[in-house]
Amino acid sequence: MTGWLGFLAAFVILSYYSVVSGWGLNYILLSLTQSFSGRSAQEISGAFDVLYTSSDINIFWHGIFMLITIAVVLQGVRAGIERWSRIMMSGLFAMLFGLFLYGLTLDGFREAVHFMLWPDMSKVTAAGALEALGLALFTLSLGQGVMLTYGSYMRQGESILRTALLISGMVLLVALLSGLTIFPIVFAFGLPASGGEGLVFKTLPVLFAQLPGSLVLSTIFFLLLVFAALTSAVAFLEVVVANFMDLYGWSRRRGVLTLGGLIFLAGIPSALSESTALISGWKSLFGVSFFHSMDALTSYWLLPIDALLVALFAGWGLDRTVLRSQFGTGSMGWFPTWRFLMRWVVPMAILAILLQWSGVIDIDHLFQ
């Protein structure tokens, strides 16, 4: 059950994640063709509304992004995933650092640093801590089978602790650099700090159009966005394909083409969720679009439940000797601490997330 939940989470996430990534591809083309040149702020911002409700354009870019993802995974672990991940991550860091250096020159950089790094204890709540834990599940690809699948490719004797710390550190570094790249631009124009697709696809294009070298800046930014999305998409598809290769003996080619095609089909309702072309009554019934329903299903339920089951299995189900043999020879001193965390702290934290999101408890009220 645990493995299939991870499979389902990766499948569903990629189905709508590919739609968002397709928006990034669309904005790369808009940047390269200088489509925003000479347009008003309302017209630039409104371009996303047109894209968001255009079923044919959404399906087109969703398909293009899935084809790119399929092409990478089709080449295998070393020739495809490892090679292209190295290329994409190198390019990602180069572009991100370049934009960060540009952000240093803007008037809003000091305000961005204060906004991101200066603690405001009035906003620190128990519910906020649970939100952060939930975000960590998504950001670190936990509860999706990604870490399990990639971990199975590790060499015997490699330190799991060292790898986990390296991954967590890199995620934190990228998050900080991303914030210190975006928010200086936002604050330089006196706009409020907000998140989501509105910031990326509506606010930032307006701001890029007012900065020197807008073509280069906007193109690099959306290339960066797509590169980051592609590294995640490749991981999601590999999880899905690896399950069928291991359990049913499928070839990589059969798995990638069949499952990649199914994910593309499963993503069509998300691509059409703001149009009237398909399931037009969904929003009236559920209160949100099909796209946001899938996002909520995975973020609030599939990921934390699967992560909880994995923690319980690792902490209580696996034999201690097996765990020690896989932990890594260079990290044995940390094994008792890790096992204690997996047995008690991690399950309790994830359970608290589930209870908070389901409305069973209000953790802020408990800590008053």
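Computed from a predicted structure; not experimentally measured. (Residues numbered from 1 in each chain as written. Predicted model: local features only at pLDDT ≥ 70, side-chain atom pairs only at ≥ 80, totals over all residues. Heavy atoms only, no water.)

### Points about a nonpolar patch on the surface
This is how it is decided: The patch calculation keeps residues exceeding 30% relative accessible area without a salt bridge and links them within 9 Å when they carry like charges or within 5 Å when they are nonpolar (Val, Leu, Ile, Met, Phe, Trp, Tyr). Each accessible area value is a Shrake-Rupley result obtained with a 1.4 Å probe; residue values ignore everything except the protein chains displayed when judging cover. In the sections that follow, a salt bridge refers to a side-chain nitrogen of Lys or Arg positioned within 4 Å of a carboxyl oxygen of Asp or Glu. A run of H or I in DSSP counts as a helix once it spans at least four residues, and a run of E counts as a strand once it spans at least two, with each numbered from the N terminus. The cut-offs for exposure are 20% and 50% of the maximum accessible area for each residue type, with area from a 1.4 Å probe on protein chains only; residues under the lower value are buried, those over the upper are exposed, and the others partly exposed.
There is a patch of nonpolar side chains on the surface, built from Leu312, Trp316, Phe340, Leu341, Trp344 and Val345 and spanning about 580 Å² of accessible area. Secondary-structure elements contributing two or more residues to the nonpolar patch are α13 (290-317) and α15 (335-358). With four residues, the single largest contributor to the nonpolar patch is α15. Given the relative accessible area of 46%, tryptophan 344 is considered partly exposed.

### Some remarks on the packing of aromatic side chains
Condition: The aromatic pairing rule takes the rings of Phe, Tyr and Trp, using the six-membered ring of Trp, and pairs them if the centres are within 6.5 Å, calling planes under 30 degrees apart stacked, those over 60 edge-to-face and the rest tilted.
If you walk through the whole model with that rule in mind, you get 31 aromatic pairs. Between tryptophan 23 and phenylalanine 48 the ring centres are 5.1 Å apart and the planes differ by 85 degrees, which places this aromatic pair in the edge-to-face class. Here tryptophan 23, found in helix α1 (residues 2-32), pairs with phenylalanine 48, found in helix α2 (residues 41-53); they are 25 residues apart in sequence, far enough to count as distant. According to the relative accessible area criterion, tryptophan 23 is buried, its value standing at 3%. What makes phenylalanine 48 buried here is its relative accessible area of 3%.

### Re the packing of helix α3 (residues 55-74) against helix α10 (residues 214-248)
Our working rule: Lines fitted to C-alpha atoms define the axes here, with helix axes fitted over just the stretch in contact, and angles between the N-to-C directions of these axes take values from 0 to 180 degrees. Should an angle fall under 35 degrees it is taken as roughly parallel, and over 145 as roughly antiparallel, whereas 65 to 115 is taken as roughly perpendicular and any remaining angle as oblique. If you view the pair so one helix is near and one far, a crossing is left-handed when the near helix is turned anticlockwise from the far one by less than a right angle, and right-handed when it is turned clockwise. Note on contacts: a residue pair qualifies if any of its non-hydrogen atoms lie within 4.5 Å across the two residues.
At a minimum axis separation of 9 Å, α3 and α10 run at an interaxial angle of 60 degrees. The angle between α3 and α10 places the two elements in the oblique class. Seen from above, α3 lies across α10 with right-handed handedness. Residue-level contacts link Phe65, Ile68, Thr69, Ile70, Val72 and Val73 of α3 to Val226, Ala229, Leu230, Ala233, Val234, Leu237 and Glu238 of α10.

### A closer look at α2
Let me state the cut-off plainly: Expected helix span is taken as 1.5 Å per residue step, with the number of steps being one fewer than the number of residues.
When the terminal C-alpha atoms of α2 are compared, their 19 Å separation across 13 residues agrees well with the 18 Å that a helix rising 1.5 Å per residue should span. Of all the positions in α2, only Ile44, Ser45, Gly46, Ala47, Phe48, Leu51 and Tyr52 are classed as buried. Residues of α2 that are buried make contact with α1, α3, α9 (197-209) and α13.

### Thoughts on the nonpolar core
Operational definition: To form a nonpolar core, buried Ala, Val, Leu, Ile, Met, Phe, Trp, Tyr and Cys residues must be joined to one another through side-chain atoms within 4.5 Å.
Counting residues in each nonpolar core, the largest one holds 77 residues, and the members touching the most others are Trp23, Tyr27, Leu204, Phe208, Phe221, Phe222 and Leu237. When residues no more than four places from it in sequence are discounted, the contact partners of tryptophan 23 are Phe48, Leu51, Tyr52, Asn58, Glu197, Phe201 and Phe291.

### Here's the deal with the side chain of serine 18
If you trace the backbone, serine 18 turns up in helix α1. The buried category is assigned to serine 18, whose relative accessible area is 0%.

### Quick look at the environment of glycine 249
Its location among the elements puts glycine 249 in the loop between α10 and α11 (252-271). Take glycine 249: its relative accessible area is 58%, and that puts it in the exposed class. Each C-alpha atom of the pair glycine 249 and threonine 219 lies 42 Å from the other, and the pair is 30 residues apart in sequence.

### Structural notes on the confidence of the model for the chain
Our working definition: Confidence of the predictor at the level of single residues is given by pLDDT, which spans 0 to 100.
Here the chain averages 88 in pLDDT, and 96% of its residues register 70 or above. When pLDDT is averaged over each element of the chain, α11 comes out on top at 97 and helix α16 (residues 363-366) at the bottom at 77.

### Some words on the pattern of salt bridges
Within this structure, the stated rule accounts for four salt bridges. For glutamate 274, the salt bridge identified is with lysine 283, shortest N-O distance 3.5 Å. By relative accessible area, lysine 283 is classed as partly exposed at 42%.

### Some details on unusual backbone geometry
Non-glycine residue glutamine 34 carries a positive phi angle of around 50 degrees. Relative to the assigned elements, glutamine 34 resides in the loop between α1 and α2. Although it is not a glycine, serine 141 adopts a positive phi angle of roughly 60 degrees. Within the secondary structure layout, serine 141 lies in the loop between α6 (126-139) and α7 (146-151).

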